[in-house]
Amino acid sequence: MPYQLPQLKYAYDALEPYIDAKTMETHHGKHHKAYVDKFNAALEGHPDLQAQKGEHVIASIDKVPESIRSAVRNNGGGAVNHAFFWDVMAPNAGGEPAGRIGEAIRKEFGSFGAFREKFSDAAATQFGSGWAWLVVGKDGRLEVMKTSNQDSPLSLGKKPLLALDVWEHAYYLKYQNRRPEYIEAFYHVIDWGRVEEIFSS
Ligand code: MN
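About the cut-offs
Residues numbered from 1 in each chain as written. Predicted model: local features only at pLDDT ≥ 70, side-chain atom pairs only at ≥ 80, totals over all residues. Heavy atoms only, no water. Buried < 20%, exposed > 50% of the residue type's maximum accessible area, 1.4 Å probe, protein only. Helix = DSSP H or I, 4+ residues; strand = E, 2+ residues; numbered from the N terminus. Arc of directions from axis to C-beta. Contact = heavy atoms within 4.5 Å. Donors = N, O, S within 2.8 Å, 3.2 Å for Na, K, Ca; no water.

Asks: Help me understand helix α9 (residues 192–200), please; the structure alone is not making it clear to me.
Replies: Each α-helix winds once per 3.6 residues, and so residues spaced three or four apart point in a common direction. Burial in α9 covers these residues: Trp192, Val195, Glu196, Ile198 and Phe199. The buried residues of α9 occupy an angular sector of 165° when the element is viewed end-on, so they sit on one face. The secondary structure elements touched by the buried residues of α9 are α4 (66–87), α5 (99–109), α6 (112–125), β1 (130–136), β2 (142–148) and β3 (159–165).

See the structure below:
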């Protein structure tokens, strides 16, 4: 069973005006699809890896044969990172997180505002293409981090809770070079209920 392009839980225009329909359509239907197709191509002839979940392959990237490791890291990373990104966004979302995740964020960062500042800074200062993340580290504590290209915190033994794609393809059509505006808009579409579920799982 090859890795599949996941369906979105919402329509392409559902995150308007924060993330525009054209960007969503291109990002999911073209960019994400290309990662999925290339990930499957890289895994051809490797039934042991094909049988695993994409997230597991990326978490164990060091065990992937060297001949396909870069292709898997880039395209498998792209496949699972985007699937995760779509999943933690929703229409009529955003605001301050409640529940256990809200509590954990306030405990680790002092306040939601302080977390937000740290996360925005990671997203804004990722040089070139990459991602900003909220993760649970190996010590069980929340961390904000960034990764380059399609690298995943999974490969570092960390559990992603929230992700923001800061590749230009994620925002250029609507925001051009104004990445900070795109980062601010993201806070309106974070599905904290879903983040809570992931945190508790
Ligand atoms: Mn992307």
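Having put the structure on the table, let's press on.
Asks: Explain the coordination of the manganese ion here, please?
Replies: In ideal tetrahedral geometry, four donors around a metal make angles of 109.5 degrees, whereas ideal octahedral geometry with six donors gives angles of 90 or 180 degrees. At the metal site, the manganese ion is ligated by His27 (NE2), His82 (NE2), Asp165 (OD) and His169 (NE2), and these contacts range over 1.9 to 2.1 Å. Read N to C, the donor residues that coordinate the manganese ion are spaced as H-x54-H-x82-D-x3-H. One end of the pair, histidine 82, is in helix α4; the other, aspartate 165, is in strand β3, with 83 residues separating them in the sequence. By relative accessible area, which is 0% here, histidine 82 ends up buried. Since its relative accessible area comes to 0%, aspartate 165 is described here as buried.

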